[in-house]
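# Architecture and fold: a report
Below are the chains, spelled out letter by letter.
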Amino acid sequence: MLALVVILNRGEGSPETGLDEGEALRRYGFRLTESAKACGIDFRHESPTLDAKLAHIMPVVAAMGASVSVVDFDADGLLDLYVVTGKEGGQNRLYRNRGDGTFEDVAPSLGVADLNRPGTGVGMGAIWADYDNDGFPDLFVYKWGKPELFHNRQGKGFDRVTEKSGLPAWVNANSACWLDYDRDGLLDLFVAGYWPEGIDLWNLKTSEVMPESFEYAQNGGRKYLLRNRGDGTFEDVTECVGIKSTRWTLGVVAADLCGTGYLDIVLANDYGVSEFYANKGGQRFEEVGNQTGIGVAPKSGMNACLGDVLNQGRLAVYISNITEPGNLVQGNNLWVPASKTTDGLPRFSNQAGSLKVERGGWSWGAKFGDLNNDGRLDLYLTNGYVSADKGKSYWYDYGKIAGGLKGLIRDARYWPPIGDQSLAGYQAKCVWLNKGGDFTDVAVAVGVTDTFDGRAVALGDLFNRGVVDVTVANQNGPLLLYRNTVASGRDWVQFELTGGARPGKEAGWSNRSAVGAGVRLTWRQGPTGPVQEQLQVVTAGDGYASQSMFRLHFGLGTDARIEKAVIEWPSGRKQTLAAPAVGIIHRVEEAGP
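Numbering of residues begins from 1 in every chain and follows the order in which that chain's sequence is written. Selection of residues for local features in this predicted model requires a pLDDT of at least 70, selection of side-chain atom pairs for listing and counting requires 80 or more, and totals for whole chains, interfaces and linings are taken over all residues. Water and hydrogen atoms were dropped before computing side-chain values, which therefore reflect all heavy atoms in the structure.

Under an unreviewed UniProt entry, the name given to the chain is ASPIC/UnbV domain-containing protein, and the organism recorded is Fimbriiglobus ruber.

In structure tokens, the structure reads:
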């Protein structure tokens, strides 16, 4: 997670101290209040303890896996939370939303708590989607170890179906997503290995398990594209569709970025360049990172998320990296579509610097969402790596191994011990407010003051108030729930989409979770205001180790008048809603031809 360019950090810090709620609402239109304890949430993540050959650098290599996903698992209209721990024998939590502002842990009673049993590895993240189109989202948990799949029994419990599903026996994964890559109405599964799959991190045969390079490593984990057969089983089609990456992947997102109607895949890779797999008609994928501009400069990719940041009806890709004052400034990347290549591929331009979302510390998870309902997507980013002794830094020692030869870098024996030193610890988070021309960091001003080692960020309207709340999973730290308060008079609208596929129904419909669907909204503020447009898409796993709600939330500003919402279904159908009302959730089912 380090490259070899060292420059000074000019920083993009929060401009002022914390404000009371009234002043924050007046200046910025929203305020975030950390409310986990008040909501009945007391989860604290723990890291694993790996093989003794890694003991001297354990805080560095085991500093991953704090994860959170937002989902309505029981279809009661209330969003729930699932969190994963990395501790051997540790218990995951499924926080059911009671509907009164509080949550209760139902993971033990529903059978999805005890997943870190001896010999099976530990959890790194979880994603949800309805893989059999029965109306309830199913659960996939990826691990450094044995992946697990659970079928949702109509919100009343979960059946473990791992063995009969055809999943790989062992994957050291740090990211995954659901997608319907071939548009057959059945959700497929993409799982991205980080460490090679032949390694058991608790029983190492050798200490030569580290990346071979800090910039061009390709000795990481393989990837898995698992095609849904429609009978509860999956087949590995990775090689035959042309996905051959063995880079150290930390983030993945899938969306139709090429405009073909098929979902492409972007990989944010640690120790190297990002990758862009263009979907060729659901038959194969072609890696085009260099042609699109996304996969050129090697950095330390840890997050991949999407947002129409300029309200131009086009999705940008945000990939987080590392910025540390006086040590290393890679800068985060905001890949905005700028043109087309001669063969029709999108060509992206990195506008993170000009839009002022480049410097975010040792950046991990990030998500776009309209936090103040003004009609523009803001960006919440969490950061920090290892927070130990504030007076001691591992940067010098880390730099020594980063500049070493290939044989030295890949052998953990030659990595200097970290002891009680910190490495990019105690970092202030970033809440970048979209001003229309660029972004400004208002984190402290709006109430975000934590300095935990953040990992995953997930967004959702947890209390059905028409605002986006924020949940953050921290490594060896508490799960945070930032309850959002938005200034009065700000309009909004939400869309909950349901694809037409059903068990036994004819082909040609979209998957029931509507993963891959997009809503293109056009509206005005006031009767004579300029027309605004924004595109959002449904994903099932993006950012870093996270999943936000399926529901699409649009802030609209004041006195909003929606002209139309055009739904672009994964099946290829388009459905137009004329002048949908503001201030409500529109629940839309895919219409027939």
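## Some thoughts on the overall build of the chain
Which entries qualify depends on this criterion: Only DSSP runs of H or I with at least four residues qualify as helices, and only runs of E with at least two residues qualify as strands; both kinds are numbered from the N terminus onward. In this setup the radius of gyration rests on C-alpha atoms only. A globule is expected at 2.2 Å times the number of residues raised to 0.38. We call two residues in contact whenever any of their non-hydrogen atoms come within 4.5 Å of each other. Residue-level accessible areas treat just the shown protein chains as cover; the underlying method is Shrake-Rupley with a 1.4 Å probe. We score Asp and Glu as negative and Lys and Arg as positive, and we do not count His or the chain ends. Taken as the charge location is NZ of Lys, CZ of Arg, CG of Asp or CD of Glu.
Of regular secondary structure, the chain possesses 8 helices and 40 strands. Computed over the C-alpha atoms, the radius of gyration of the chain is 22 Å, within 12% of the 25 Å expected from 2.2 N^0.38 for a compact globule of 593 residues. Considered along the principal axes of its C-alpha atoms, the chain spans approximately 65 × 55 × 55 Å. When contacts within the chain are restricted to residue pairs at least 6 apart in sequence, long-range pairs at least 24 apart make up 63% of them. Surface summary for the chain: the accessible area is close to 19900 Å², and the carbon and sulfur share equals 49%. In the chain, which carries 59 positive and 71 negative side-chain charges, the distance between the mean positions of the two groups comes to 2 Å.

## Description of the sheet that holds strand 36 (residues 546–547)
So the rule is basically this: Here, strands pair whenever DSSP counts at least two bridges between them.
Here 5 strands make up an open sheet; going across it, the order is 5-4-3-2-36 and the pairing mixed. Across the chains shown, the open sheet's two edge strands, defined by having one partner strand only, are strand 5 (103–105) and strand 36.

## A word on the side chain of Asn-228
In plain terms, the rule: Think of a polar contact as two N or O atoms within 3.5 Å of one another; within protein, one of them needs to be a possible hydrogen donor and the other a possible acceptor, and neighboring residues in sequence only count if both atoms come from side chains.
Considering the arrangement of structural elements, one finds Asn-228 in strand 12 (residues 223–228). Within the structure, the side chain of Asn-228 is placed 2.9 Å from the backbone oxygen of Tyr-131, a separation counted as a polar contact. Excluding its chain neighbours within four sequence positions, the residues that come into contact with Asn-228 are Tyr-131, Asp-184, Leu-186, Leu-187, Asp-188, Thr-233 and Phe-234.

## Focus: the domain arrangement of the chain
What counts here: Just so you know, the domain bounds were taken from an automatic or database domain assignment. The term buried area denotes the loss of accessible surface (1.4 Å probe radius) that occurs when two parts are joined, taken as the sum for both partners. Salt bridge, as applied in this entry: a Lys or Arg side-chain nitrogen positioned within 4 Å of an Asp or Glu carboxyl oxygen. Under this grouping Gly is polar, as are all residues other than the nonpolar Ala, Val, Leu, Ile, Met, Phe, Trp, Tyr, Cys and Pro and the charged Asp, Glu, Lys and Arg.
Here the chain is partitioned into domain 1 (21–306 + 315–486) and domain 2 (492–589). The C-alpha centroid of domain 2 is placed 24 Å from the C-alpha centroid of domain 1. Taken together, the 65 residues of domain 1 in the interface contact 40 residues of domain 2. Contact between domain 1 and domain 2 buries roughly 3400 Å² in total, counting both sides, with carbon and sulfur atoms accounting for 53%. In this assembly, domain 1 and domain 2 are joined by 1 salt bridge. A salt bridge links Lys-367 to Asp-542; the nearest nitrogen and oxygen atoms lie 3.3 Å apart. Run the count over domain 1 and domain 2 and you get 24 residue pairs in polar contact (both at pLDDT 80 or more). Residue composition of the side of domain 1 that touches domain 2, grouped by class: 36 nonpolar, 17 polar and 12 charged.

## Comments concerning helix 7 (residues 395–402)
As a reminder, the rule being used: Only protein chains enter the accessibility calculation, which uses a 1.4 Å probe; a residue whose area is less than 20% of its type maximum is buried, one above 50% is exposed, and one in between is partly exposed. Each direction from the helix axis to a C-beta atom contributes to the arc, which is the arc of those directions.
Trp-395, Asp-397, Tyr-398, Ile-401 and Ala-402 are the residues of helix 7 that are buried. Buried residues of helix 7 fall within an arc of 160° about the axis and therefore sit on the same side. For helix 7, the elements touching its buried residues are strand 20 (323–324), strand 21 (328–329), strand 26 (389–393), helix 8 (406–409) and strand 27 (421–422).

## Observations regarding the environment of Tyr-194
The residue Tyr-194 is located in the loop between strand 11 (188–193) and strand 12 in this model. Separated by 26 residues in sequence, Tyr-194 and Gly-220 have C-alpha atoms that sit 5.5 Å apart.

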